[in-house]
Amino acid sequence: MEQAERETNPPKDRFLIVYFIILTFGIGTMMPWNMFINAKSYFEDYKLGSNYTNQNLTFYTDNFMVFLGISSQVPNFLFNWVNIFANIGGSLSSRIVCTIVAEAIVFVATEVLVMLDSSAWPEVFFWLTLASVFLLNMANGIYQNTVYGIAARLPAAYTGAVIFGNNLSGVFTSVMNIVTKSLSPSPKTSALYYFMVALLVLFVCFVIYFVLPLLKFYKFHDLQFIKAQSNAQENSVVKKTPYWKVFKMCSLQCFNVFFIFFVTLAIFPAVHSNVQLVHDDFIVSPKYFADILCFLTFNVFAAFGNLLATVWHFPSGRWLHIPVILRSAFIPLFLVCNYSLPGRIMPVLIENEWIYWGIAATFALTSGWFSSLAMMYCGKSVPPEYSSVAGMFGAACLVSGVCAGILFAFVFPIIVRSVHW
């Protein structure tokens, strides 16, 4: 009778504690990526800059963001897909705990690199940084995929909480970058405080994970998931998870997730962060132009898009692919802004910073809005016993879209240096 009462009157998420825990996990999953891309000025202008190294390292500075993206997302891509079919690290608990500890160790190593004088060996610093990013995202690929699997066991809004947390992570790191840059006496001190924040966030994620299984709301939905999975196995001749069947059922939403992040990462940050000021009388100075109009704008409006998706489930899962495909129009729009690269011959058609800012805000808003909807629809487009697997497929397609977008960004410098009309 007690079980029947629980199923007819399921416990509520009092004070939205579970929601905020899942949201915090979302912040943690994107922390490694956001911390490094927002520190672009620290790496390119300080550690690899000519004033610090007394060398002209144009190859390293011009290609740092591209190499950073590859080092971040290739391991993330591999481990997200492998983690669907093989329980890397064992149970959900061991995967969460071990990956958070591994990420913390890498951030400690990053702090050590900040304190060391690397002016005599900038090339070594460059490759050590990329190696640490690679290791960091090996762990984060497992962590991110596992978090989406946990969220998929809960109502759809909790998958949206992960996406919302992803973008709040970007807002948080963008603000921290601007604050530490403006208040710290040197880039070195700024970077020390900046990367220390990442360690604090990871510590919080580590602690609150042990709170989650104690909450009635989470325990109820977790037991419902286990029960549905058990019933499915009892009623099925084949005991193994039908991965292909699950993928076919959620394939439309997986495409949506993939294409949203493909378009987004093709532009952000490689193209977006290199759009420069045209008019000196604009309200944002050149020093903070990319920090505010690129990183902060993207993360704030993407987070707002996440919130919008939680209250307005439009378009429906059946029609979401139409506006998702139309977002590809942002690619040529950004290229005709003042995307400044040495040797550009393509004419700049959009010189007004306010128009550019409007394009950037719309780009970010639709990224957050549509990605939240697609991830929510993904876990709910299959029977409940397979929702966790569908959530992992969605996360793997997310990272696949990110990788494809980063690699596609190699094409844009060639375009702007070749196309003229």
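Going by the structure above, here's the rest.
Small disclaimer: the values here were computed from a predicted structure and weren't measured.

Let's shift gears to the packing of helix α6 (residues 92-115) against helix α9 (residues 187-209). Direction vectors running N to C along α6 and α9 enclose 165°, while the axes themselves pass 10 Å from each other. When the axis of α6 is compared with that of α9, the two are roughly antiparallel. Between α6 and α9 lies a crossing whose hand is left-handed.

Spanning 24 residues, α6 covers 35 Å between terminal C-alpha atoms, matching the ideal 34 Å at 1.5 Å per step. For α6, every residue scored as buried is listed here: Leu 92, Arg 95, Ile 96, Thr 99, Ile 100, Glu 103, Val 106, Phe 107, Thr 110, Glu 111, Leu 113 and Val 114.

Now for the environment of Asn 9. By the secondary structure assignment, Asn 9 is in the loop between α1 (2-8) and α2 (17-38). Considered as a pair, Asn 9 and Met 176 are 167 residues apart in the sequence and their alpha carbons are 43 Å apart.

As a further point, take unusual backbone geometry. Cis geometry is found at the peptide bond from Phe 268 to Pro 269, where omega equals 5°. Examined against the element boundaries, Pro 269 turns out to sit in the loop between α12 (251-267) and α13 (286-311). The peptide bond linking Phe 314 to Pro 315 adopts the cis configuration, its omega dihedral lying at -5°. One can find Pro 315 in the loop between α13 and α14 (321-326). In this structure, Phe 15 is a non-glycine residue whose phi angle is positive, near 60°. Secondary-structure assignment places Phe 15 in the loop between α1 and α2. What makes Phe 15 exposed here is its relative accessible area of 68%.

Judged by nonpolar contacts, the single largest core of 131 residues is most densely connected at Val 18, Ile 22, Phe 25, Tyr 42, Phe 195 and Phe 334. Aside from chain neighbours lying at most four places away, what touches Phe 334 is Ile 267, Val 271, His 272, Tyr 339, Tyr 356, Ile 359, Ala 360 and Phe 363.

Let's shift gears to the environment of Asp 222. Here Asp 222 lies in helix α10 (residues 216-234). Along the backbone, Asp 222 and Ile 359 are 137 residues apart, and their C-alpha atoms lie at a distance of 42 Å.

Inspection of the entire model under this criterion finds one salt bridge. Notably, a salt bridge pairs Asp 222 with Arg 153, separated by 2.6 Å at the nearest N-O pair. With Asp 222 in helix α10 and Arg 153 in the loop between α7 (122-151) and α8 (156-183), this residue pair connects regions lying 69 residues apart in the sequence. Given a relative accessible area of 17%, Arg 153 falls into the buried group.

What counts and how
Residues numbered from 1 in each chain as written. Predicted model: local features only at pLDDT ≥ 70, side-chain atom pairs only at ≥ 80, totals over all residues. Heavy atoms only, no water. Axes fitted to C-alpha atoms, helices over the stretch in contact; angles between N-to-C directions. Helix = DSSP H or I, 4+ residues; strand = E, 2+ residues; numbered from the N terminus. Parallel < 35°, antiparallel > 145°, perpendicular 65-115°, else oblique. Left-handed = near helix turned anticlockwise from the far one by under 90°. Expected span 1.5 Å × (residues − 1). Buried < 20%, exposed > 50% of the residue type's maximum accessible area, 1.4 Å probe, protein only. Core = buried A, V, L, I, M, F, W, Y, C linked by side-chain atoms within 4.5 Å. Contact = heavy atoms within 4.5 Å. Salt bridge = Lys/Arg side-chain N within 4 Å of Asp/Glu carboxyl O.

These figures come from the coordinates and say nothing about function on their own.
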